[in-house]
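So you can see what is in the structure, the chains are spelled out below.
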Amino acid sequence: ATLALGAGPAAACAPGPPDVRRMADKLERNASRLGLSADTLAQIRAIVDAAAPEAEALQSKLRQAHATMRELLDTPRPDEEAVLRQAEAIGALDTALLKQGLRTMMQIRPLLTDAQLAELRKVRAERLAPVLQHCQAIIAAACSGLAGREMMSCLREQPDLPAPCRDAVDALRRK
């Protein structure tokens, strides 16, 4: 996501691993606000287009690894060693996908000025404000001490979120 470009201490707040195409899309949507030139946007898109095949292949492998894990766990008596090996495989794919997204972000970041990165922090704060406002009590009760991706995951796991909080969490995912 746009904000995971290292534009602040909680930069990894985007749900899930960095999605390189969403990253570029969000930068393009905010191009005028950020003062991004057409040339810079073209460079960003070229970086993303070059990274996308690897990211998509890793995401596909990760989905398959999760499907294999579900199959293992759906048996009446799963083989513990097989389950643990599959957990290792999932962890390795998660790590590879995260590193790939971070490499892409690190290629994009030098294209942005300090002022543009500061503006990204503002965009992120504006996007997150409704969640912090409407979910404050839940965050304090169930997600205390968490930030970024972990806080959002915690909120999504809560079974009885009040409607305003649920709406804010859902809206953030759509942006």
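Position numbers for residues start from 1 in each chain and track the written sequence from start to end. The predicted nature of this model means local features are confined to residues of pLDDT at least 70 and side-chain atom pairs, given and counted, to a pLDDT of 80 or more, with totals for whole chains, interfaces and linings taken over all residues. To obtain the side-chain values, all non-hydrogen atoms of the structure were used and water was disregarded.

A. Structural view of the nonpolar core. Only buried residues count toward a nonpolar core. Its members are Ala, Val, Leu, Ile, Met, Phe, Trp, Tyr and Cys residues joined through side-chain atoms within 4.5 Å. Burial here depends on accessible area, computed with a 1.4 Å probe over protein chains only, as a share of the maximum for the residue type. Under 20% is buried, over 50% is exposed, and the range in between is partly exposed. Of all hydrophobic cores here, the largest spans 27 residues; its most connected members are Val20, Leu27, Leu36, Ile44 and Ile108. Numbering of helices and strands runs from the N terminus, with a helix taken as a DSSP run of H or I at least four residues long and a strand as a DSSP run of E at least two residues long. Within the residue set of this core, elements represented by two or more residues are helix H1 (20-29), helix H2 (31-34), helix H3 (38-73), helix H4 (80-108) and helix H5 (114-134). Take this core: its biggest share by element is eleven residues, from H3. Only heavy atoms matter for contacts: two residues are in contact if any of them lie within 4.5 Å across the pair. Once you skip the residues sitting within four places of it in the chain, Leu36 turns out to touch Leu27, Ala31, Leu41, Leu112 and Gln116.

B. Representation of the packing of H1 against H3 in the model. Only C-alpha atoms enter the line fits that serve as axes; for helices the fit covers just the stretch in contact. Angles between N-to-C directions range over 0 to 180 degrees. Between H1 and H3, whose axes approach to 8 Å, the crossing angle comes to 160 degrees. Comparing the axis directions of H1 and H3 gives the class roughly antiparallel. Helix-helix and strand crossings are classified by hand; for H1 and H3 the assignment is left-handed. Between H1 and H3, the residues in contact are Val20, Arg21, Ala24, Asp25, Leu27 and Glu28 and Leu41, Ile44, Arg45, Val48, Asp49, Ala51, Ala52, Ala55 and Glu56, respectively. Note on residue classes: Ala, Val, Leu, Ile, Met, Phe, Trp, Tyr, Cys and Pro are nonpolar, Asp, Glu, Lys and Arg are charged, and everything else, Gly too, is polar. Broken down by class, the residue content of the contact of H1 with H3 amounts to nine nonpolar, no polar and six charged. Any angle that falls under 35 degrees is termed roughly parallel, while one over 145 is termed roughly antiparallel, one within 65 to 115 roughly perpendicular, and all others oblique. Left-handed describes a crossing in which the near helix is turned anticlockwise from the far one by less than a right angle; the clockwise case is right-handed.

C. Quick look at the pattern of salt bridges. Salt bridges are identified by distance alone: a Lys or Arg side-chain nitrogen within 4 Å of an Asp or Glu carboxyl oxygen. Overall, the coordinates contain six salt bridges when judged by the stated rule. A salt bridge links Asp25 to Arg45, with the nearest nitrogen and oxygen atoms 2.8 Å apart. With Asp25 in helix H1 and Arg45 in helix H3, this pair connects stretches of sequence that are 20 residues apart. Relative accessible area serves as the criterion here: at 32%, Asp25 is assigned to the partly exposed category.

D. Expanded view of H1. Taken residue by residue, H1 has Val20, Met23, Ala24, Lys26 and Leu27 as its buried positions. All buried residues of H1 project into a common sector of 165 degrees when viewed along the axis, lining one side. Where H1 is buried, its residues contact H2, H3, H4 and H5. Summarising the geometry, the arc corresponds to the directions from the helix axis toward the C-beta atoms.

E. Seen up close, the state of the cysteines. The disulfide criterion used throughout: a pair of cysteine sulfur atoms within 2.5 Å. What the rule picks out here adds up to two disulfides. Disulfide partner of Cys135: Cys165, at an S-S distance of 2.0 Å. For the disulfide bridge between Cys135 and Cys165, the dihedral angle about the S-S bond is near 110 degrees, and by the sign convention the bridge is right-handed. Here Cys165 lies in helix H8 (residues 163-174) and Cys135 lies in the loop between H5 and helix H6 (136-142), a separation of 30 residues in the sequence. You can call Cys165 buried: its relative accessible area is 0%. Across the disulfide, Cys143 is cross-linked to Cys154 (sulfur-sulfur distance 2.0 Å). Every disulfide takes its handedness from the sign of the S-S torsion; for Cys143 and Cys154 that torsion is -85 degrees, giving left-handed. Taken as a pair, Cys143 in the loop between H6 and helix H7 (148-157) and Cys154 in helix H7 lie far apart in primary sequence, eleven residues in all. Per residue, the accessibility class of Cys143 equals that of Cys154, and both read buried. Each bonded cysteine of the protein chain is numbered by sequence order, and under that numbering the disulfide pairs are 1-4, 2-3.

F. A look at the environment of Arg45. Considering only alpha carbons, one finds Arg45 and Asp25, 20 residues apart in sequence, at a separation of 8.8 Å. If sequence neighbours within four positions are ignored, Arg45 has contacts with Arg21, Ala24, Asp25 and Glu28. Reaching out from Arg45, the side chain makes a polar contact with the side chain of Glu28 at a distance of 3.1 Å. In the analysis that follows, any N or O atom pair within 3.5 Å is treated as a polar contact, provided that within protein one partner can donate a hydrogen and the other can accept it, and provided that, for residues neighboring in sequence, both atoms belong to side chains.

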